[in-house]
Structures are given as structure tokens and as C-alpha cells.
Amino acid sequence: MRRQRRALLLAAAPLALAGCGFALRKAPSFSFHSIDLALPATSGLGLELRRQLQGTGQVQVITDAAQRPRPTWCWKARASSASAPWSA
């Protein structure tokens, strides 16, 4: 009798969690594909951040400045400063 009750509770627990909307945390998706970390390679934060980002398999952590890709776009200032909303 106890085994049956325990088995019933163990079988009902996942159903109850799924019914309430519980879901395991998913891997984040980033809007960038590569990043250059300006942190020392030996710092604890730098090591952990590099490890976490590379662990996703979606982000390439650049360690050498020569590996940096060239930007595909460029911000160009307008000739007229009157069109800027913050200008007085």
C-alpha cells in the first residue's frame, strides 16, 4: 500500500509541475556572435565570463585584437546639427 502511494505521488509530481507552467531554464540566445572581452586573462571574472560564453556554443570570445572582425556598418553624423533632437 505504501509503495503504491509513493509511486502515485512520484508519478503525479512531474504532471503537477508541468501543469503549473514550470520549465527548466533554457540556454540564453544572444544578439551577437562574437565578443572581445577587455578583461585580463587571469582575472576570475574574465575566466568565468569567457567560460560561460564559450559554453553556450553560440558566442566566439575573441582574445586577440587581430581576430576582431571589421564592422559592417558605420555611424555617420548628419551635416545639419539642427536635425538632432537634443540640440538647442
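Every value quoted in this text rests on a predicted model; they were computed, and no experiment measured them.

Enquirer: Tell me about the overall build of the protein, and please be specific about residues and values.
Expert: For the protein, the helix and strand inventory stands at two helices and two strands. Along its sequence from the N terminus, the protein presents helices and strands in the succession α-β-α-β. Burial analysis of the protein (88 residues in total) assigns 10% to the buried set. Summing over all exposed atoms, the protein offers an accessible surface of approximately 8400 Å²; the carbon and sulfur share of this is 60%.

Enquirer: Quick one: what's the story with the environment of Ser34, residue by residue and with numbers?
Expert: Tracing the backbone through its elements, the reader meets Ser34 in strand β1 (residues 34-36). Looking at Ser34, the relative accessible area reads 26%, which means it is partly exposed. When near neighbours in sequence (up to four residues on either side) are disregarded, Ser34 contacts Val59, Gln60, Ile62 and Pro69.

Enquirer: Before we move on, can you summarise the side chain of Arg50 with the specific residues and values?
Expert: Note on placement: Arg50 falls in helix α2 (residues 44-55). Asp36 provides the closest opposite charge to the buried, unpaired Arg50, separated from it by 7.1 Å. Excluding residues within four positions of it along the chain, Arg50 makes contact with Leu37, Leu39, Ala41, Val61 and Thr63.

Enquirer: Can you tell me about a nonpolar patch on the surface, naming the residues and giving the values?
Expert: Together, Leu39, Leu45 and Leu49 make up a nonpolar patch on the protein surface, roughly 240 Å² of accessible area in all. One can find Leu45 in helix α2. For Leu45, a relative accessible area of 58% translates into the label exposed.

Enquirer: Account for the packing of aromatic side chains, with residues named and values stated.
Expert: Per the stated rule, a full pass over the model turns up one aromatic pair. Aromatic side chains Phe30 and Phe32 sit 5.3 Å apart centroid to centroid with 35° between the ring planes, which places their arrangement in the tilted category. Among the residues examined, Phe32 registers a relative accessible area of 31% and is labelled partly exposed.

Enquirer: If you had to explain α2 to someone new, which residues and values would you point to?
Expert: The end-to-end C-alpha distance of α2 is 16 Å, a good match for the 16 Å that twelve residues give at a rise of 1.5 Å each. Among the residues of α2, those classed as buried are Gly46, Arg50 and Leu53. Looking down the long axis of α2, one finds its buried residues gathered within 70° of arc, a one-sided arrangement. Set apart from the buried face of α2 by more than 90 degrees, the exposed residues are Gly44, Leu45 and Gly55. Where α2 is buried, its residues contact β1 and β2 (60-62).

Enquirer: Run through the confidence of the model for the protein, naming residues and quoting values.
Expert: Summary statistics for the protein give a mean pLDDT of 77 and a share of 78% for residues scoring 70 or more. No element of the protein has a lower mean pLDDT than helix α1 (residues 2-19), at 77, and none a higher one than α2, at 90.

About the thresholds
- Residues numbered from 1 in each chain as written.
- Predicted model: local features only at pLDDT ≥ 70, side-chain atom pairs only at ≥ 80, totals over all residues.
- Heavy atoms only, no water.
- Helix = DSSP H or I, 4+ residues; strand = E, 2+ residues; numbered from the N terminus.
- Buried < 20%, exposed > 50% of the residue type's maximum accessible area, 1.4 Å probe, protein only.
- Areas by Shrake-Rupley, 256 points an atom, 1.4 Å probe, with all protein chains shown as cover.
- Contact = heavy atoms within 4.5 Å.
- Lys, Arg positive; Asp, Glu negative; His and termini not counted.
- Salt bridge = Lys/Arg side-chain N within 4 Å of Asp/Glu carboxyl O.
- Patch = residues over 30% accessible without salt bridge, like charges linked within 9 Å, V, L, I, M, F, W, Y side chains within 5 Å.
- Phe/Tyr/Trp six-rings, centres within 6.5 Å; stacked < 30°, edge-to-face > 60°.
- Expected span 1.5 Å × (residues − 1).
- Arc of directions from axis to C-beta.
- pLDDT = per-residue confidence, 0-100.

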